[in-house]
Amino acid sequence: MTATAGKVIVVDDDESVRRGLRRLLVNSGYEVEEFASAEEFLDRANSVEPACAVLDLAMPGMDGLALQQKLVSNKLPLGLVFLSGHGDIPASVAAMKRGAVDFLTKPADEEDLLRAIETALVGARDKAALSNRLSSLSPREMQVMHRIINGALNKQIAAELGIAEKTVKVHRGHVMKKTGVRSLAELVQLCARAGIN
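All values reported here derive from a predicted model rather than from experimental measurement.

Asks: Give me the pairing of strand β1 (residues 7–11): which residues, what numbers.
Replies: Counting buried residues along β1, 5 of its 5 residues qualify, which places the element largely inside the surrounding structure. Pairing of β1 with strand β2 (residues 31–35) involves 5 bridges; the strand directions are parallel. For Val11, the partnering residue across the bridge sits in β2 and is Phe35. Between the parallel pair β1 and β2, the chain is carried across by helix α1 (residues 15–27), and the sense of this crossover is right-handed.

Structural data, given as structure tokens:
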């Protein structure tokens, strides 16, 4: 398997697992960062470039599901893959519902793991690109966008925000241009992918 350049973050309390994953991932062309606990990773994860995080489920202190919840709420551009020796159906369902790309049990098939990592990296890059497009909006453009995707008409938006309808049209045009969408349906889809309701 040929990997695209990318970063993989391994969070697992088992040093031998981290060592084995590092060997596999480096040999597959990935940059690897390792952490022995969720807390150690969070201490250094304020600003993360798009990456895949391979998380263990059962760790002392904060477990993998709690870490996933924190990462999702912080909106970091990470694709998540669980790799656990303690997986069960409820845990795997919870992880997948929160956006994990895959939930594999140890020892995982190398090809399955690399495929999941590559899928997670593509998703992380997409998430980062969406975030960049949305962060280019001004606060007023964000207010207008939220109302647009919830079905409000220009006249309604103008009344709610206390601005002229013509001004709403200008902001609406800026939103469409800055996000790179051509229709309301595309804007709604973009916002859904970015986790904006």
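Asks: Could you give me a rundown of unusual backbone geometry, with the residues and numbers involved?
Replies: Between Lys106 and Pro107 the backbone carries a cis peptide bond, its omega angle lying at -10 degrees. By secondary structure assignment, the location of Pro107 is in the loop between β5 (102–105) and α5 (110–135).

Asks: Go over the sheet that holds β2 with me, naming the residues and quoting the values.
Replies: Strand pairing in a sheet relies on backbone hydrogen bonds. The paired strands run either parallel or antiparallel. Pairing in this open sheet of 5 strands is parallel, and the strands run β2-β1-β3-β4-β5 from one edge to the other. Edge strands, defined here as strands with exactly one partner in the open sheet, are β2 and β5. If you compare each strand with its neighbour and ignore which way they point, the axes differ by 20 degrees on average. Most of the contacts of helix α4 (residues 89–97) go to β5, to which it runs at about 150 degrees, and overall it touches β4 (78–84) and β5.

Reading the values: rules and limits
Residues numbered from 1 in each chain as written. Predicted model: local features only at pLDDT ≥ 70, side-chain atom pairs only at ≥ 80, totals over all residues. Heavy atoms only, no water. Buried < 20%, exposed > 50% of the residue type's maximum accessible area, 1.4 Å probe, protein only. Helix = DSSP H or I, 4+ residues; strand = E, 2+ residues; numbered from the N terminus. Pairing = 2+ DSSP bridges. Right-handed = clockwise from strand over helix to strand, strands pointing away. Axes fitted to C-alpha atoms, helices over the stretch in contact; angles between N-to-C directions. Contact = heavy atoms within 4.5 Å.

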